[in-house]
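Analysis of the macromolecular model
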Amino acid sequence: MEIDGRDFLKTPSVKTVRFGGSVAETLEKHKHGDSSDYELLKHQLVDPEIKDAQIINWLQEFRSSVTHLTKDHEQLIYTILRLPWLGRSQAVVDEYLAFLGNLVSAQTVYLCACLNMVVYHFTPKRVTICEGGVDISDSDDEDENLPRNFDHCHQALQLIIRYVPSTSRFLMPILQENFPFIQKSSRTLECYVHNLLRITVYVPSIRRDLLELIIGKLLKLDVSGAPPNSFLNFCNVGRWRIFILSCTLIFLCIVLSRVPGSFHAERTKELYRDLLTVFDKLILPTHASCHVQYTLFYLCSFKPALAEAFLDHLWKILQNPSLPAVLRQAAAGYLGSFLARAKFIPLSTVRACLDLLSSWIHQYIYSQDSCGKQVCCDVSLHGPFYTSCQAVFYTIIFRHRALLEANMKKGLEYLQSLNLEQVVMCQLNPLRVCLPSITNMFAAITRKYQVVFCYTIIERNNRCVLPVVRSSAGGDCVTTNTNPLDSFFPFDPYLLKRYTHCLIYFHLFWFTHSAIFKNSFFYEDEDDFLCGETPQAEGIVGLTPNSYDSNFHSPSSLGSPPNTLQRPF
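Not measured: the values here are computed from a predicted model. (Residues numbered from 1 in each chain as written. Predicted model: local features only at pLDDT ≥ 70, side-chain atom pairs only at ≥ 80, totals over all residues. Heavy atoms only, no water.)

Considerations on the overall build of the chain
For the chain, the count of helices and strands is 22 helices and four strands. For the chain, with 569 residues in total, the buried portion stands at 52%. When the accessible area of the chain is evaluated, it comes to approximately 25,900 Å², of which 52% is carbon and sulfur surface. (Helix = DSSP H or I, 4+ residues; strand = E, 2+ residues; numbered from the N terminus. Buried < 20%, exposed > 50% of the residue type's maximum accessible area, 1.4 Å probe, protein only. Areas by Shrake-Rupley, 256 points an atom, 1.4 Å probe, with all protein chains shown as cover.)

Structural data, given as structure tokens:
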């Protein structure tokens, strides 16, 4: 048997000092009722001072007697599997791998035990830290041998799979059961996720299940920010988000194995299909996740075809009346945010999507007007319609400059062809439901280019109590609500300043927004619509659900911005 060119069957024996007879003799005596040497053997194997030469000698003998190591010797096998083989000399590692190969080949009953042993080493070893008189067990972040140890673990796992092709059936439940609790340090979780993602490369049959497991865990962290009572208050919101980001980047690097000048088209397509399945099952139904969805954003940046496929997928969900309204609304939020923020989407695709959205919106308005009933502003009844309108407004806010700068006349003709005036003037009154920040910016842009005038409607809405029957999340009636759609913009800029350079390196950019006009309360620098990376709770500096403004502005207020909207210096 050879691994990396090394022939383990020709490993030379090493002379060592030990007590008791040979393994073969010990097993034979144990079979006939004499367990003295057997117990002595187990005792020597757990010696904390055991030397490399001793381990090699024992393993060579165990390999020779592997056919006798049946289920009756379960405790002995468990003792062998606990041998400290990682971090030892290469000779120990080679001999241990050879033993594992022989064991799972001859005694498949120990397959799960061997898998558990390997997976156990997917996280740093535990250390005990005393804090306030209490011993707390956590991972060792200072182990310099971790990369080498992880390499050996995957070498062992691949060896086991080679001898037992059905290993993947037993491996997935073990990986699920051993996933660290979220109270563990970010280092522990990061290492475990890193190793799971490495498995997806050489065990593609369980890749989708692994992606679902990883993304499911990351979503819980992403939404919650940080767990309560976390280890030594170490896992604060910023640190957990950094962990999520780092895992995302590891995921993309390892699974794609993308190097400069090359692109694995088929592998990327397979990954896209797997990710899309997980997206539908986990990411799309999760409200207000911050970072995990960027896996798809980044993946779609590789090829225009991937971005178009993702947009088409979202569009099919949005227009499907048989799906729950909450999923359709989420799809509209992703659609608008992706069109607005993904700079790699060509303008022709943006126009095509705006055409589809506006056409669907106008058909919806017509169907409501022709039904012969009084139409009311009810988010629970018309949620997909309102989120579609908001997606159009949001896209125009961020893309209007690109639509107009090449040819102003044709660009204006295109915007007028969307018939936005009919949308804002309809009985459903989307400006009453959309986020005030989006309404204000959309109104300013369309007023400047004389595409549609929104301020009369805005002023009228502002004088009235928002007549929303109930929010899209359900529950009791709502009288005033600045976010009745539970708006969520999944591709708003990353909030992690420390890792901005990573995003730039991996070509993950956002569309930037310049001044609409001078002396207005809208900021003039790039992407100042969100005013930096951290959402603010003031004015219109952000579009995230925590940054909307409940105050509407008429044209007369544009030249004299309130203090809360002044640009910070």
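Next comes the rest of the write-up.
Remarks on unusual backbone geometry
The residue Asn419 is not glycine, and still its phi comes out positive at about 55 degrees. Note on placement: Asn419 falls in the loop between helix H18 (408-417) and helix H19 (420-425). Residue Gln450 is not a glycine yet carries a positive backbone phi of 55 degrees. Its place among the elements puts Gln450 in the loop between helix H20 (436-448) and helix H21 (455-463). Taking the relative accessible area as the measure of exposure, Gln450 reaches 58% and is therefore exposed.

Let's talk about the pattern of salt bridges
Enumeration according to the criterion identifies 15 salt bridges in this entry. For Glu212, the salt bridge is made with Lys281, and the minimal N-O distance between the two is 2.6 Å. Residue Glu212 is found in helix H10 (residues 207-224), and its partner Lys281 is found in helix H12 (residues 265-283); the two are separated by 69 residues along the sequence. The exposed category is assigned to Lys281, whose relative accessible area is 52%. With a shortest N-O distance of 3.1 Å, Asp312 and Lys316 are connected by a salt bridge. Highlighted residues: Asp312 and Lys316, both in helix H14 (residues 304-318), separated by four residues, approximately one helical turn. You can call Asp312 partly exposed: its relative accessible area is 35%. Salt bridges here are not isolated pairs; linked through shared partners, they connect Arg207, Arg208, Glu270 and Asp274. (Salt bridge = Lys/Arg side-chain N within 4 Å of Asp/Glu carboxyl O.)

What to know about the environment of Lys281
Linking Lys281 and Glu212, residues 69 residues apart in sequence, is a C-alpha distance of 8.5 Å. At a separation of 2.6 Å, a polar atom in the side chain of Lys281 contacts the side chain of Glu212. (Polar contact = N/O pair within 3.5 Å; in protein donor to acceptor, adjacent residues only side chain to side chain.)

Here we look at helix H8 (residues 167-177)
All of the buried residues along H8 are Thr167, Ser168, Leu171, Met172, Ile174 and Leu175. Those residues of H8 that are buried are in contact with helix H6 (111-120), helix H7 (146-163), helix H9 (186-202) and H10. (Contact = heavy atoms within 4.5 Å.)

So, the packing of helix H5 (residues 90-106) against H6
At a minimum axis separation of 10 Å, H5 and H6 run at an interaxial angle of 150 degrees. Taken together, H5 and H6 sit at an angle that is classed as roughly antiparallel. For the crossing formed where H5 meets H6, the hand is left-handed. Residues Tyr96, Leu100, Leu103 and Val104 of H5 form the contact with H6, whose participating residues are Leu111, Cys114 and Met117. Across the contact of H5 with H6, the residue classes break down as seven nonpolar, no polar and no charged. (Axes fitted to C-alpha atoms, helices over the stretch in contact; angles between N-to-C directions. Parallel < 35°, antiparallel > 145°, perpendicular 65-115°, else oblique. Left-handed = near helix turned anticlockwise from the far one by under 90°. Nonpolar A, V, L, I, M, F, W, Y, C, P; charged D, E, K, R; others polar.)

Let's talk about the packing of helix H17 (residues 379-405) against H20
Axis separation between H17 and H20 bottoms out at 9 Å; the angle between their running directions is 55 degrees. In terms of orientation, H17 lies oblique with respect to H20. Considering how the two elements wind past one another, H17 and H20 form a crossing that is left-handed. Where H17 abuts H20, its residues Gln390, Phe393, Tyr394, Ile396, Ile397 and His400 lie against Ile438, Met441, Phe442 and Ile445. Of the residues in the contact of H17 with H20, the class split is eight nonpolar, two polar and no charged.

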